[in-house]
Amino acid sequence: IKVKNAFFVKSASKMEETTPEGMSEVAFIGRSNVGKSSIINALTNKKGLAKSSSTPGKTRLINFFQIILDKDGESYHAQLVDLPGFGYAKVSHSLKAEWQKNLTDYIKKRVSIRVFVHLVDSRHPFLEIDQAVHTYLSEIVRPDQTILRIFTKLDKLKQSEISLIKKNYPDAILVSSSSKKGVDKALDAIFLTLFG
Ligand code: GTP
Ligand code: MG
């Protein structure tokens with residue numbers, strides 16, 4: 001699978017502002033700062049397509065990107081959706097609650113979502129918030145949807161730590177958006193799930 005093109009489509013603050021249902025969607029989910037925006041840039045090979053930042057809470061809207069892929073000489077289209085992180089945000093409680101509601105609304109009600117990519121930081125794969133997100137997703141996932149877990153920031157790990165994750169999670173997909181290690185495997189995993 002090769003990426004032919006990718007571009008920004010729209011930002012939405014709530015369900016009513018989202019793009020029309022239809023094109024298959026890959027939703028990137030995880031806690032703030034885990035690397036959701038960065039992996040979209042790595043997968044599409046476009047720096048700055050999704051805005052990333054070392055300050056948690058960077059992505060505040062539901063951002064839609066279109067990706068065009070080539071598989072065996074045929075073109076496939078999908079939407080990649082960059083979402084706000086679960087958990088952290090340096091804003092008032094009421095605003096945070098509103099964002100989280102818009103986020104969970106999208107996750108639960110959006111028909112077009114086919115793949116949930118749950119990103120976890122490979123340095124801290126067992127945080128309570130990740131367990132909570134995992135439990136939440138497994139409760140709301142529909143039969144036509146798949147949850148893929150991807151471990152981010154692989155470049156921060158020692159070889160021994162990589163081995164441990166592979167032992168604990170035999171199917172683990174490990175990615176570094178900075179070094180691009182594992183990005184092609186992640187691309188295949190996501191889009192073979194989507195397009196077979
Ligand atoms: P929010 O939008 O706040 O929810 O964060 P996010 O999940 O979109 O994270 P983002 O992609 O903005 O990345 C957060 C920070 O982690 C940035 O400083 C990135 O440069 C860094 N980062 C992301 N991926 C990697 C990676 O694979 N390796 C390393 N070393 N840093 C990474
Ligand atoms: Mg982000």
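Before reading further, recall that the structure is shown in the block above.
Residues numbered from 1 in each chain as written. Chains lettered and ligands numbered in written order. Predicted model: local features only at pLDDT ≥ 70, side-chain atom pairs only at ≥ 80, totals over all residues.

> Help me out: how do you make sense of the overall build of the protein in this one?
A tally of helices and strands in the protein yields five helices and seven strands. Shown N-terminal to C-terminal, the secondary structure of the protein runs as helices and strands in the order β-β-α-β-β-α-β-α-β-α-β-α. What you see for the protein is a C-alpha radius of gyration of 16 Å, in line with the 16 Å of a compact globule of 196 residues. Along the three orthogonal principal directions, the C-alpha set of the protein runs to about 45 × 40 × 35 Å. (Helix = DSSP H or I, 4+ residues; strand = E, 2+ residues; numbered from the N terminus. Rg over C-alpha atoms; globule rule 2.2 N^0.38 Å.)

> Could you clarify how one ought to interpret the site of ligand 1 in this entry?
Around ligand 1, the structure places 23 residues, and the nearest of them are Gly 35, Ser 38, Ser 52, Thr 59 and Gly 85. The biggest single contributor to the shell around ligand 1 is helix H1 (residues 36-44), with three residues. Within the shell around ligand 1, the residues separate by chemical class into three nonpolar, 15 polar and five charged. (Near = placed C-beta within 6 Å. Nonpolar A, V, L, I, M, F, W, Y, C, P; charged D, E, K, R; others polar.)

> I keep staring at the nonpolar core and nothing clicks. Help me out?
Burial of nonpolar side chains together is a common tendency in soluble globular proteins. Core analysis: the biggest nonpolar cluster contains 40 residues, and Ala 27, Phe 28 and Val 117 have the highest contact counts within it. Contributing elements (two or more residues each) for this core: strand E2 (25-29), H1, strand E3 (62-71), strand E4 (74-82), helix H2 (93-109), strand E5 (113-121), strand E6 (146-152) and helix H5 (183-195). Not counting chain neighbours up to four residues away, the residues in contact with Val 117 comprise Val 26, Ala 27, Phe 28, Ile 29, Leu 148, Ile 150 and Ile 190. (Core = buried A, V, L, I, M, F, W, Y, C linked by C-beta atoms within 7 Å. Buried ≥ 20, exposed ≤ 12 C-beta atoms within 10 Å, placed from the backbone. Contact = placed C-beta atoms within 7 Å.)

> Sorry, what's going on with unusual backbone geometry here?
With the exception of glycine, most residues fall at negative phi, and the peptide bonds are largely trans. For Asn 45, which is not glycine, the phi torsion reads 60° and is therefore positive. In this structure, Asn 45 sits in the loop between H1 and E3. For Asn 45, a count of 13 C-beta atoms within 10 Å gives the class partly exposed. Although it is not a glycine, Lys 153 adopts a positive phi angle of roughly 60°. Tracing the chain through its elements places Lys 153 in the loop between E6 and helix H4 (159-168).

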